[in-house]
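The chain contents come next:
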Amino acid sequence: MIEPESSYRATVGILSIGDMGAGIARLLSAHGYRVVTNASGRSPATQARCSANNVELLPTDLDLCNQADYILSIVPQRDAVATAERVIAVSSNPDFAKRQNPLYFLDLNAISPSSARAND
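From a predicted model like this one, the values you see are computed outputs, not experimental measurements.

Section: the overall build of the protein
Each helix and strand in the protein was counted, giving 5 helices and 5 strands. Taken across its 120 residues, the protein has 32% of its residues classed as buried. Put simply, of all contacts in the protein between residues at least 6 apart along the chain, 64% involve residues at least 24 apart.

Here you go:
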């Protein structure tokens, strides 16, 4: 059940809602955070995963960036730069909302521990 916006600690956008993103979304929701994503153009399975994990679907990256306080990038390493560039593009858009506090972008780069060690 989605709560009224004023009852949340903060709004966290997650890009994207795979297994790891869904797990983090569940944890955030359980601790009083509103979780949102843009899953437009994604599979029915992804849309269902969002619904099952109390993740609110937003239609565009602009909506996501305008509503989120934080954006977590949880994608395979090969998609990390493109995902960051999506958020950068939105922040340059004239329709990006002026905000009192900055939009924080956190790259959680979903790579395996062995890949992380190989990149040391």
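So, unusual backbone geometry
Note the cis peptide between Leu15 and Ser16, where omega equals 5 degrees. Assignment of secondary structure puts Ser16 in the loop between strand S1 (11–15) and helix H1 (19–30). For Asn54, which is not glycine, the phi dihedral falls at a positive 60 degrees. The residue Asn54 is located in the loop between helix H2 (44–52) and strand S3 (56–57) in this model. Judged by relative accessible area, Asn54 falls into the partly exposed class, the value being 27%.

Structural notes on the environment of Tyr70
The residue Tyr70 is located in strand S4 (residues 70–73) in this model. The class for Tyr70 is partly exposed, based on a relative accessible area of 34%. In sequence terms Tyr70 and Val12 are 58 residues apart; their C-alpha atoms lie 4.9 Å from each other. With residues near it in sequence (within four places) discarded, Tyr70 still touches Ala10, Thr11, Val12, Gly13, Leu103, Tyr104 and Leu106.

About the cut-offs
- As a convention, each chain's residues are numbered from 1 in the sequence order in which they are written.
- Where local features are concerned, this predicted model is filtered to residues with pLDDT of at least 70; where side-chain atom pairs are given and counted, the filter is 80 or more; whole-chain, interface and lining totals use all residues.
- With hydrogens and water set aside, each side-chain value is computed from the structure's full complement of heavy atoms.
- Helix numbering and strand numbering both begin at the N terminus, where a helix is a DSSP run of H or I of at least 4 residues and a strand a DSSP run of E of at least 2.
- Relative accessibility thresholds used throughout: buried, under 20% of the residue-type maximum; exposed, over 50%; partly exposed, between the two (1.4 Å probe, protein chains only).
- For this analysis, residues touch if any pair of their heavy atoms sits within 4.5 Å.

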